[in-house]
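Below, each chain spelled out in residue letters.
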Amino acid sequence: MIQLKTMLNCIDNSGAAIVECVNVMKMKRHAKIGDRIIVVVQKQRNFGPESGPGASVSTSAANKVRRGDIRHAVVVRTAKKLQRPDGSVVKFDDNACVLINKAGEPIGTRLNGVVGTELRKMKWSKILSLAPMHL
């Protein structure tokens with residue numbers, strides 16, 4: 001259950017490490033796996049060592065988002081227990097999301113970590129194809 005002020009890990013290589021939920025789309029009270037939310041980037045991920053004057057330019061070019069940016073995201077893991085139609089119960093260790101653009105395509109080019117299979121019925125096939133594993 002992701003709601004206002006919830007902190008999530010960002011598992012793509014867009015440049016964001018931790019984001020904060022500021023709105024749940026479609027007028028819902030809380031978001032589950034596969035729901036679209038609006039987030040603010042709280043902490044950036046730094047890529048590689050920063051040595052020399054040219055290194056800071058390359059690391060900022062690698063980051064597609066900056067701290068304070070407002071972006072759309074899709075929830076891919078939640079710490080709340082989720083019961084599936086076959087009776088199995090799934091619970092992840094953390095809350096995680098993937099940043100997307102307005103058209104619904106992921107900003108990053110690779111994902112690290114598992115994602116929930118509920119994305120399949122929500123038609124997020126692009127995120128499922130980038131993920132190393134879904135359960």
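Structure shown above.
Residues numbered from 1 in each chain as written. Predicted model: local features only at pLDDT ≥ 70, side-chain atom pairs only at ≥ 80, totals over all residues. Heavy atoms only, no water.

**A look at the sheet that holds strand S1 (residues 7–10)**
Thinking step 1. Taken in spatial order, the five strands close into a barrel running S1-S2-S3-S4-S7, and their pairing is mixed. With strand direction ignored, the average angle separating the axes of adjacent strands in the sheet is 55°.
Thinking step 2. As paired elements, strand S3 (residues 36–44) and strand S4 (residues 70–77) share five bridges and run antiparallel to each other. From the neighbouring strand, Val39 faces S4, where its bridge partner is Arg71. (Pairing = 2+ DSSP bridges. Helix = DSSP H or I, 4+ residues; strand = E, 2+ residues; numbered from the N terminus. Axes fitted to C-alpha atoms, helices over the stretch in contact; angles between N-to-C directions.)

**Concerning the side chain of Asp35**
Thinking step 1. With respect to the helices and strands, Asp35 occurs in the loop between strand S2 (16–24) and S3.
Thinking step 2. Non-local contacts of Asp35, meaning those with residues more than four positions away in its chain, are made with Lys28, His30, Ala73, Val74, Val75 and Met122. (Contact = heavy atoms within 4.5 Å.)

**Thoughts on unusual backbone geometry**
Thinking step 1. Backbone geometry places Lys5, a non-glycine residue, at a positive phi of 75°.
Thinking step 2. Along the chain, Lys5 falls in the segment before S1.
Thinking step 3. Here Lys5 falls in the exposed class, since its relative accessible area comes to 60%.
Thinking step 4. If you check the backbone angles, Lys123 has positive phi at about 70° while not being a glycine.
Thinking step 5. Mapping Lys123 onto the fold places it in the loop between helix H2 (118–121) and helix H3 (125–130). (Buried < 20%, exposed > 50% of the residue type's maximum accessible area, 1.4 Å probe, protein only.)

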